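Residue-level structural notes
Here are the chains, one letter per residue:
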Amino acid sequence: MIGRQGQTVAFTVDVEPDCPPFLHGFRGIEQGMPRLLDLLASRGIAGTFFTTGDVASRYPEIVARLVNDGHELACHGMTHTAFPDLGEDAARDEIDRSAAILRHFAPVTSFRAPYLRFPSSYLPMLERAGFTLDSSQAIYKLAYHRERRAAASTPLARVPASITSSVLRLPRALRAAYLAALSDPVVLFVHPWEFVDLRREKLRLDCRFKTGDTALRCVAAVLDRYTARGARFVRMRDLATAT
Ligand SMILES: [Zn+2]
């Protein structure tokens, strides 16, 4: 069983180089993205694509396609650098430069930091840059619960990721157990490089297992199961006022 009847599900994609910080190529963008976009088009599902400014500069045609296909274009920083490693000026530069590049393609109001790590003291930078939603937190990370207790006050809607991407590639029964435990809104995320066969790369096991065709089939099965159970698929910006 996956989830309950009629859940709200946001399918999101972090559009970035291949498995950073281990790999630095763009096979995911060149080979994985078209397959993922085809899958979503075949199901009529609109998702949210958190894209780095760097990828948008290198692959404008793929960004134009995802916008054309009806997906939300969102921001994933400029260079996929972890924000806790950046001083204030560098952090502001990452946000402002990537937002400017992405906004050539579409309005961009949702943000997710690389590695789901973003200092709450930097939240005002997002607000000043015109963002209304932040998805840099993850319910399954300790930092999320620490920050909730600290209750950083911000006008941004904060919608955390529900589950780490590799869970979607687990065997069906195990995956179903994880998914059944998620509460609304369910925020799933994947990376384009997961749809390229990386099984022989020198990567952590959770990065490489069942990558390629199998990963695509797993995502299709997850989406179909949610659809069968009456889920409502939303883009992240649809959740900006709902939290
Ligand atoms: Zn990322």
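In this report, the structure presented in the accompanying data block is examined. (Residues numbered from 1 in each chain as written. Predicted model: local features only at pLDDT ≥ 70, side-chain atom pairs only at ≥ 80, totals over all residues. Heavy atoms only, no water.)

**Looking at the pattern of salt bridges**
- Tallied over the full model, the rule gives 16 salt bridges.
- Its salt-bridge partner being R65, residue D69 comes within 3.1 Å of it at the nearest N-O pair.
- Taking the relative accessible area as the measure of exposure, D69 reaches 35% and is therefore partly exposed.
- Between R204 and D206 there is a salt bridge; the shortest N-O distance is 2.9 Å.
- Among the charged side chains, a network of salt bridges with common partners joins D18, R27 and E201. (Salt bridge = Lys/Arg side-chain N within 4 Å of Asp/Glu carboxyl O. Buried < 20%, exposed > 50% of the residue type's maximum accessible area, 1.4 Å probe, protein only.)

**Notes on the nonpolar core**
- In this structure, F131 and L188 are the most contacted members of the largest nonpolar core, which totals 58 residues.
- Residue contacts for L188: discarding those within four places in its chain leaves V9, A10, F11, T12, I163, L168, L179, L182, V222 and Y226.
- Counting residues in each nonpolar core, the second largest holds eleven residues, with F50, L133, A157 and V234 among its members. (Core = buried A, V, L, I, M, F, W, Y, C linked by side-chain atoms within 4.5 Å. Contact = heavy atoms within 4.5 Å.)

**Remarks on the coordination of the zinc ion**
- Taken together, the protein ligands of the zinc ion are E16 (OE), H76 (NE2) and H80 (NE2), with distances of 1.9 to 2.1 Å.
- Mapped onto the sequence, the residues coordinating the zinc ion show the spacing E-x59-H-x3-H. On the criterion of sequence distance, the pair formed by E16 in the loop between strand 1 (8-15) and helix 1 (27-43) and H80 in the loop between strand 3 (72-75) and helix 4 (88-102) is long-range, its members being 64 residues apart. When sorted by exposure, E16 lands in the same class as H80, which is buried. (Donors = N, O, S within 2.8 Å, 3.2 Å for Na, K, Ca; no water. Helix = DSSP H or I, 4+ residues; strand = E, 2+ residues; numbered from the N terminus.)

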